[in-house]
Amino acid sequence: IRIILTRTSHPSNIGSAARAMKTMGLHKLTIVAPNLMATPMTENPPVFDPERPQSFKLPEESFILASGAADVLENATIAASLHNAVITATLDEALADTTLACALTSRRREITAPLQTPRDLVPELLQAANRGEKVALVFGNETFGLSIEEVQACNRLMTINGNPDYFSLNLAQAVQVVCYEIFSQTDSPMTHLQQEDHAATHEQIKGMVAHMESVMDDIGFFNRRNS
């Protein structure tokens, strides 16, 4: 399962998306035609050349926001590796070997394919992935989202449902929601969060009580109380 970011404009969103992915066990990131804007941290953003996509280098801001997930970004220019981020010039290139591609959209469109939530679609995505098929989740530009052409390149429409009076998810937040839904349906155990049980022995408890009694005696605790 890979995450595809198309025409992303904010450097920090790429890094934050990588962090969101790795937190939920996903590592395959594809970046299509990034169109980075200038920010206080990235005053001179790198320009993407569609003729030389592998010459593009992500700015330091992306790596800072990725935090411990910098490894998802660090090989972003190596197209030959399936385990590293891939930078391509077109969405068609990014989707060439996929069987299921979900376009993330929150707008009503002139397309007959039904809108489905992550919870609805994830079982189908996991089944395809378990069969060895390649699955993609496609996220558009922060301001304009996916174009009609980009949506038509996909064969599933996914939307994150929310407050109809105010719905404005940041790109990385949207990636996090979808990645969490994928992870939650893998039934991964939470044993790593459980504390190990090391019960004290009878002798250890006696030693602890004796130590406490000695300290309380030293500080005069028993001068006014029955020990």
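Residues numbered from 1 in each chain as written. Predicted model: local features only at pLDDT ≥ 70, side-chain atom pairs only at ≥ 80, totals over all residues. Heavy atoms only, no water.

Please clarify how the overall build of the protein should be interpreted in this entry.
In terms of helices and strands, the protein carries 8 helices and 7 strands. What you see for the protein is a C-alpha radius of gyration of 25 Å, clearly larger than the 17 Å of a compact globule of 227 residues, by over 25%. Out of the 227 residues belonging to the protein, those deemed buried represent 40%. Intrachain contacts of the protein at a sequence separation of at least 6 include 78% that bridge at least 24 residues. Element-wise, carbon and sulfur atoms account for 51% of the exposed surface of the protein, whose accessible area totals about 13,500 Å². (Helix = DSSP H or I, 4+ residues; strand = E, 2+ residues; numbered from the N terminus. Rg over C-alpha atoms; globule rule 2.2 N^0.38 Å. Buried < 20%, exposed > 50% of the residue type's maximum accessible area, 1.4 Å probe, protein only. Contact = heavy atoms within 4.5 Å. Areas by Shrake-Rupley, 256 points an atom, 1.4 Å probe, with all protein chains shown as cover.)

Please clarify how the packing of aromatic side chains should be interpreted in this entry.
Both the distance between ring centres and the angle between the ring planes are used here to describe each pair of aromatic rings. On inspection of all chains with the given rule, the structure shows 2 aromatic pairs. Centroid distance Phe48 to Phe56: 6.0 Å. Interplanar angle 70 degrees. Geometry classified as edge-to-face. In this structure, Phe48 and Phe56 share a single accessibility class: buried. Between Phe221 and Phe222, the aromatic rings sit 5.8 Å apart at their centres with planes inclined by 80 degrees, giving edge-to-face as the arrangement. Residue classification places Phe222 among the buried positions, given a relative accessible area of 18%. Cation over ring: Arg225 sits above Phe221, and NZ or CZ is 4.5 Å from the ring centre. (Phe/Tyr/Trp six-rings, centres within 6.5 Å; stacked < 30°, edge-to-face > 60°. Lys NZ or Arg CZ within 6 Å of the ring centre and 35° of its normal.)

Which parts of the structure should I look at to understand a nonpolar patch on the surface?
A surface patch of nonpolar side chains, amounting to about 210 Å² of accessible area, comprises Phe167, Leu169 and Val177. Position of Val177 among the secondary structure elements: in helix H7 (residues 171–184). (Patch = residues over 30% accessible without salt bridge, like charges linked within 9 Å, V, L, I, M, F, W, Y side chains within 5 Å. Salt bridge = Lys/Arg side-chain N within 4 Å of Asp/Glu carboxyl O.)

Any chance you could explain the layout of surface pockets here in plain terms?
Rolled over the atoms, a probe as big as a water molecule pinpoints where empty space is left. As a volume, the largest pocket reaches approximately 470 Å³. Taken together, 23 residues make up the lining of the largest pocket; nearest its centre are Leu104, Ser106, Glu142, Gly145 and Leu169. Looking at the lining of the largest pocket residue by residue, the classes come out as 10 nonpolar, 10 polar and 3 charged. (1 Å grid on protein atoms, 1.4 Å probe; cavity = no way out; pocket = protein on both sides within 12 Å on 5 of 7 lines; lining within 4 Å. Points joined across faces, edges and corners; volume = space filled by probe spheres on them. Nonpolar A, V, L, I, M, F, W, Y, C, P; charged D, E, K, R; others polar.)

How should I be thinking about the pattern of salt bridges in this particular structure?
Under the criterion given, the structure shown has 6 salt bridges. Across the salt bridge formed by Arg7 and Glu150, the nearest N and O atoms sit 2.8 Å from each other. Taken together, the residues span a long stretch of sequence, with Arg7 in the loop between strand E1 (2–6) and helix H1 (11–23) and Glu150 in helix H6 (residues 148–152) at a distance of 143 residues. Overall, the relative accessible area of 26% leaves Arg7 in the partly exposed class. Across the salt bridge formed by Lys22 and Asp71, the nearest N and O atoms sit 2.8 Å from each other. With Lys22 in helix H1 and Asp71 in helix H3 (residues 70–73), this pair connects stretches of sequence that are 49 residues apart. Taking relative accessible area as the criterion, Asp71 reaches 29% and is therefore assigned partly exposed.

What am I meant to see in unusual backbone geometry here?
The phi torsion of most residues other than glycine is negative, and most of the peptide bonds are trans. One non-glycine residue, Arg7, adopts positive backbone phi at about 50 degrees. Of note in this structure, Asp187 is not a glycine but carries a positive phi near 55 degrees. Along the chain, Asp187 turns up in the loop between H7 and helix H8 (202–218). For Asp187, a relative accessible area of 67% gives the class exposed.

Explanation requested: the sheet that holds E1 in the structure shown.
To summarise the sheet geometry, strands pair through backbone hydrogen bonds and adopt either a parallel or an antiparallel arrangement. Pairing within the open sheet is parallel, and its 7 strands lie in the order E3-E2-E1-E6-E4-E7-E5. In this open sheet, the two edge strands, each paired with only one partner strand, are strand E3 (86–88) and strand E5 (115–116). Looking at chain direction, E1 and strand E6 (residues 135–139) are connected through 4 bridges and run parallel. By the bridge assignment, Arg2 is partnered in E6 with Ala136. Those strands touched by helix H5 (residues 118–130) are strand E4 (100–104), E5, E6 and strand E7 (156–158), and its axis lies near 135 degrees from that of E7. (Pairing = 2+ DSSP bridges. Axes fitted to C-alpha atoms, helices over the stretch in contact; angles between N-to-C directions.)

Even after reading the chapter, I still don't get H7, so can you show me in this structure?
Every α-helix winds through 3.6 residues per turn, so residues three or four apart in the chain are directed the same way. Look at H7: 20 Å from first C-alpha to last across 14 residues, which is about the 20 Å you get at 1.5 Å a residue. Of the residues making up H7, those classed as buried are Leu171, Ala172, Ala174, Val175, Val178, Cys179, Glu181 and Ile182. Taken together, the buried residues of H7 touch E1, H1, E4, H5, E6 and E7. Between a side-chain oxygen at the N-terminus of H7 and the backbone nitrogen of Ala172 the separation is 2.8 Å; the capping residue is Asn170. (Expected span 1.5 Å × (residues − 1). Polar contact = N/O pair within 3.5 Å; in protein donor to acceptor, adjacent residues only side chain to side chain.)

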